[in-house]
Amino acid sequence: MNSGIVTIHNIRNCDYRTEEDYTTQWEMRTVRLSQITGMDLAIMYWGSPWMAHPIVSFRFANALPICFSIETRKTIGQQYSAVRGLYRQYTLIYIVADERDSIRVRSNYRHGEDVYLYRTMASPAQARERFCEYIKTVNTLNEHPRWYNALTSNCTTNIRTQRSVEQRAPWDWRMLVNGKADEMLYQHHGIATGGLPFSELKQRSLINKRARTADKDPEFSRLIREGLPGFKAD
């Protein structure tokens, strides 16, 4: 990161035919922090309404969004287990990806996964700060790997703890039971609502149908946002 210019190596942008059949693509992108216009949050559910997986996306005025997904780094053949996730069985990894990879594989190719997309209330300046926090954490993990922990160092808690202590949001039980994280953000005015009650906002924020329609369109990111509550042109 130099003078407001960031070069990111190995951004994942796979071309999927099915969840298991895809062409692997890794890209290098150079972006300007000054071109970050906002930050969005996608939340994925695959069964229980209590547990979910968040992905944070950053929008740019002159480039495609870049998203970050905090995950377990599994070895070949290793399957995820919530119980094993408590006992140093997986290292922590930040997947940096294009939305047509990280979001689309979940909305279009994984069976039974529902994806909701919200615009956060972060200003461009705040979004730039958060983007830099992600980049700093990615670089730190490259030099100093850490263990994933299903309770203390997972896909949601790390969004909070990667911030400096004085900037962290107060602890809320919904950071752990993260299927309710969007409700928490709604109550704390963290996401754009379009003036809707939460139940209607959530119903209208489900993007699976529009993501499947947009599937291979190069305008995928624009099309999945078009007409969503709280979204507007940057």
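See above for the structure.
Residues numbered from 1 in each chain as written. Predicted model: local features only at pLDDT ≥ 70, side-chain atom pairs only at ≥ 80, totals over all residues. Heavy atoms only, no water.

**Q** I'd love a proper account of the packing of aromatic side chains, names of residues and values included.
**A** This structure, assessed with the given rule, holds eleven aromatic pairs. Ring geometry for Phe58 and Phe68: centres 5.8 Å apart, planes at 85 degrees, overall edge-to-face. Here the residue Phe58 occupies a position in strand S6 (residues 53–60), and Phe68 occupies one in strand S7 (residues 66–73), the gap between them amounting to ten residues. As far as the burial class goes, Phe58 and Phe68 line up, both buried. Grouping aromatic residues by their ring pairs yields a cluster made of Phe58, Phe60, Phe68, Tyr94, Phe131 and Tyr134. It is Lys202 that lies over the ring of Tyr116; its NZ or CZ is 5.2 Å from the centre. (Phe/Tyr/Trp six-rings, centres within 6.5 Å; stacked < 30°, edge-to-face > 60°. Helix = DSSP H or I, 4+ residues; strand = E, 2+ residues; numbered from the N terminus. Buried < 20%, exposed > 50% of the residue type's maximum accessible area, 1.4 Å probe, protein only. Lys NZ or Arg CZ within 6 Å of the ring centre and 35° of its normal.)

**Q** Now, about the pattern of salt bridges: what can you tell me, with residues and values included?
**A** According to the stated counting rule, one finds 22 salt bridges in the structure shown. Glu19 is the salt-bridge partner of Arg110, the closest N and O atoms lying 3.1 Å from each other. In this pair, Arg110 is assigned in the loop between helix H2 (104–109) and strand S9 (114–119) and Glu19 in the loop between strand S2 (15–16) and strand S3 (22–23), connecting sequence segments 91 residues apart. Here Arg110 falls in the partly exposed class, since its relative accessible area comes to 27%. Taken together, the salt bridges that share partners define one network made up of Glu19, Glu71, Arg106, Arg110 and Glu113. (Salt bridge = Lys/Arg side-chain N within 4 Å of Asp/Glu carboxyl O.)

**Q** Which residues make up the side chain of Asp172, and what are the values?
**A** Considering the arrangement of structural elements, one finds Asp172 in the loop between helix H4 (157–161) and helix H5 (181–187). Once residues within four sequence positions are removed from consideration, Asp172 is found in contact with Met184 and His188. (Contact = heavy atoms within 4.5 Å.)

**Q** Describe the nonpolar core, naming the residues involved and giving the relevant values.
**A** With 36 residues, the main nonpolar core has Ile8, Phe58, Ile66, Phe68, Phe131 and Tyr134 as its most contacted residues. Of all elements in the fold, only strand S1 (5–12), strand S5 (36–45), S6, S7, strand S8 (91–98), S9 and helix H3 (124–143) reach the threshold of two or more residues within this core. Setting aside anything within four residues of it in sequence, one finds Ile8 in contact with Glu27, Met28, Arg29, Ile66, Val96, Phe131 and Ile135. Residues Cys67, Ile95, Ala97 and Ala214 belong to the second largest nonpolar core, which totals 16 residues. (Core = buried A, V, L, I, M, F, W, Y, C linked by side-chain atoms within 4.5 Å.)

**Q** Please provide a residue-by-residue account of a nonpolar patch on the surface, values included.
**A** Judged by side-chain polarity, Trp46, Trp50, Met51 and Trp173 come together as a nonpolar surface patch covering roughly 490 Å² of accessible area. Among the secondary structure elements, Met51 is positioned in the loop between S5 and S6. (Patch = residues over 30% accessible without salt bridge, like charges linked within 9 Å, V, L, I, M, F, W, Y side chains within 5 Å. Areas by Shrake-Rupley, 256 points an atom, 1.4 Å probe, with all protein chains shown as cover.)

**Q** How would you explain the environment of Arg17 if you had to name every residue and give the values?
**A** Looking at the element boundaries, Arg17 is found in the loop between S2 and S3. Taking the relative accessible area as the measure of exposure, Arg17 reaches 42% and is therefore partly exposed. Those residues within four positions of Arg17 in sequence are excluded, and the remaining contacts are Tyr22, Thr23 and Tyr109. One polar contact links the side chain of Arg17 to the main-chain carbonyl oxygen of Tyr22, over a distance of 3.5 Å. (Polar contact = N/O pair within 3.5 Å; in protein donor to acceptor, adjacent residues only side chain to side chain.)

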